[in-house]
Amino acid sequence: MEMETKVTVHDAMTSNVVTVDHKLSIADAALLMTRMKVGSLIVKTKAGPEGVITESDIIRKVVSKNIAASDINIGQVMTKNLINIDPGSELNEAARLMAKNNIRRLPVVKDGSLVGILTSSDVMAVSPELTEILVVNARIQENQVGFPTDERPFPGACELCGNFMEYLDEIDGKFVCEECKEDLEGD
């Protein structure tokens, strides 16, 4: 008899979450993201996770509006009312939650305490079969207003080299990473 094992959020999440105070300037947040090689920071208080700031937030809410990054703090830009998930939840539940809410990062919270973060890349690395849920959502979002037609983020595996990337571009009906895109355009 074959035993079915379920992959949980705990199995895929990153435990070492970079957390910051809401008073940190956007300039310092961007520098920290660069140094730590992360795409987001969780804003945390004693009560738990309060918000998240992402590279995309910085570009859309600060850079595109020509606001000096040193003149604004994370609390003014962060996404509040976080959607989170329990570490014991099944990974497919997390993928559906991310797709439904059009998010790529889920704080993992147990008993009110932040214990990790789950990203779409984590989901794809641990359970590539769930990639379809995230890619279908990305294709649905493509047809909605929000991203300029030339800047739609698609997380997933590059169809040419197979590397998992946060952003893929669609070229001739294939989703490819930036490096493979350059190779294709160079031909």
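Preceding block: the structure.
How each quantity is defined
Residues numbered from 1 in each chain as written. Predicted model: local features only at pLDDT ≥ 70, side-chain atom pairs only at ≥ 80, totals over all residues. Heavy atoms only, no water. Helix = DSSP H or I, 4+ residues; strand = E, 2+ residues; numbered from the N terminus. Buried < 20%, exposed > 50% of the residue type's maximum accessible area, 1.4 Å probe, protein only. Contact = heavy atoms within 4.5 Å. Areas by Shrake-Rupley, 256 points an atom, 1.4 Å probe, with all protein chains shown as cover. Arc of directions from axis to C-beta. Pairing = 2+ DSSP bridges. Polar contact = N/O pair within 3.5 Å; in protein donor to acceptor, adjacent residues only side chain to side chain. Core = buried A, V, L, I, M, F, W, Y, C linked by side-chain atoms within 4.5 Å.

**Let's talk about the overall build of the chain**
Item 1. What the chain contains, in helices and strands, is seven helices and ten strands.
Item 2. In the chain, buried positions account for 38% of the 187 residues.
Item 3. For the chain, contacts bridging at least 24 residues in sequence account for 49% of all contacts bridging at least 6.
Item 4. For the chain, the accessible surface area stands at approximately 11200 Å², while carbon and sulfur atoms represent 49% of it.

**As for helix α2 (residues 26–36)**
Item 1. Of all the residues in α2, the buried ones are I26, A29 and M33. The buried residues of α2 all sit within an arc of 55° when viewed along its axis, so they share a single face. Of the residues in α2, the exposed ones pointing more than 90 degrees away from the buried face are T34 and R35.
Item 2. Elements that come into contact with the buried residues of α2 comprise β2 (40–45), β3 (48–54) and α3 (55–61).

**Considerations on the pairing of β3**
Item 1. Counting buried residues in β3 gives five out of seven residues, a clear majority hidden from the surface.
Item 2. Sheet topology places β2 next to β3; six bridges connect them, and they run antiparallel. In the strand pairing of β3, L41 is matched with I53.
Item 3. The hairpin formed by β2 and β3 contains two residues between the paired strands.
Item 4. As paired elements, β3 and strand β4 (residues 79–80) share two bridges and run antiparallel to each other. Paired with V52 across the two strands is T79, which belongs to β4.

**A look at the side chain of S40**
Item 1. Its place among the elements puts S40 in strand β2.
Item 2. The class for S40 is buried, based on a relative accessible area of 11%.
Item 3. Within the structure, S40 has its side chain in polar contact with the side chain of R105 (distance 3.1 Å).
Item 4. Residues within four places of S40 in sequence aside, it is in contact with M33, V52, I53, T54, R105 and I117.

**Details of the nonpolar core**
Item 1. Counting residues in hydrophobic clusters, the biggest one holds 14 residues, and the most contacted among them are I26, L41, I53, I74 and V77.
Item 2. Counting residues per element, the ones that place at least two in this core are α2 and β2.
Item 3. It is α2 that provides the largest number of residues to this core, a total of three residues.

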